[in-house]
Amino acid sequence: MDKIIFATGNEHKMIEIRAILSDLGVEILSQKEAGIKADVIEDGMTFEENAMIKATEIAKIAHEMPEYAHAVVLADDSGLEIDYLGGEPGIYSARYMGEDTSYRIKNANLIGRLDGVPKEERTARFVCAIAAVIPGDEPEEFVVRGIIEGYIGWEEKGTNGFGYDPIFYVEEYGCSTAELDSVTKNQISHRGNALRMMKERLDGIL
Ligand code: IMP
């Protein structure tokens, strides 16, 4: 393996991915940098299934290209699970209330749905699954899952991060993940944890 292709066009994710996986000493490209265009339908029922659907589809294309025939292909899927809401918005986190609806509205809606719910029942977690497709004589496929536990607060706080960060509070830090600087968030986040797990697995394979 000489290259890793990460199936995302999100530059913010790529910065975090490069920071954590760079120790592997392998070139890391985004799907876009590899020149791969694909509209993958994520119709799985779990984060793991969706990550694997994406990785498999992109790998099919990449491994047909001579320069990426031996590349490892990674893809992720992430979201927020709120226990009181039976795990909503879950795998529908990006699509919750419509893809184009602002997070101000989505976050206010979720806080509203937890009206009167005591702290101990407001538990939630961010989940990130990362799937790997590894070509070769003995091809391999696997998925890792990283999480961060927290709870849904009573108001939006903080301007860092994105998405549901302003309503997701971490007990240990006593603030929302939108109030953490990016270095601290990456150290404890679902994506950071999943990326570190993936790095260990790939380290054992390379
Ligand atoms: P995707 O994995 O990029 O499709 O992300 C799914 C959705 O989950 C995002 O659009 C956000 O709504 C939510 N999400 C995932 N990770 C985070 C995070 O770190 N902070 C806030 N929201 C997140």
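Sequence order sets the numbering: in each chain, residues are counted from 1 along the sequence as written. Whole-chain, interface and lining totals are the exception, using all residues; otherwise, since this is a predicted model, local features are given only for residues with pLDDT of at least 70 and side-chain atom pairs are given and counted only at 80 or more. Excluded from the side-chain calculations are hydrogens and water; all other atoms, namely the structure's heavy atoms, are used.

S.K.: Outline the side chain of T184, listing residues and values.
M.R.: Starting at the N terminus, helices and strands are each numbered in turn, a helix being any DSSP run of H or I of at least four residues and a strand any DSSP run of E of at least two. Along the chain, the position of T184 falls in helix α4 (residues 182-188). In the analysis that follows, any N or O atom pair within 3.5 Å is treated as a polar contact, provided that within protein one partner can donate a hydrogen and the other can accept it, and provided that, for residues neighboring in sequence, both atoms belong to side chains. Of note is the side chain of T184, whose polar atom sits 2.9 Å from the side chain of D181.

S.K.: Break down the packing of aromatic side chains for me, with residues and values.
M.R.: In summary, the pairing rule links any two rings of Phe, Tyr or Trp, Trp by its six-membered ring, whose centres are within 6.5 Å, and it sorts them by plane angle into stacked for under 30 degrees, edge-to-face for over 60 and tilted for everything else. Using the criterion set out here, one finds three aromatic pairs in the structure. With a centroid separation of 4.4 Å and 40° between ring planes, the pair formed by F126 and F168 is classed as tilted. Of this pair, F126 sits in strand β5 (residues 123-134) while F168 sits in strand β7 (residues 168-170), placing them 42 residues apart in sequence. Buried means the residue's accessible area, taken with a 1.4 Å probe over protein chains only, is under 20% of the maximum for its type, while exposed means over 50%, and partly exposed covers the values in between. Owing to a relative accessible area of 7%, F126 belongs among the buried residues under this scheme. Stacked on the ring of Y103, the Lys or Arg K106 has its end atom at 4.5 Å from the ring centre. For a ring to carry a charge above it, either NZ of a lysine or CZ of an arginine must fall within 6 Å of the ring centroid while also lying within 35 degrees of the normal to the ring plane.

S.K.: Just give me the short version of helix α3 (residues 103-113), but keep the residues and values in it.
M.R.: Along α3, the residues that are buried comprise K106, N107, L110 and I111. With its buried residues spanning 135° around the axis, α3 presents them on a single face. By definition in these notes, contact holds between two residues if any of their heavy atoms fall within 4.5 Å. The inward-facing, buried residues of α3 abut β3 (72-82), β4 (88-89) and β6 (140-152). The directions from the helix axis to the C-beta atoms are what the arc is built from.

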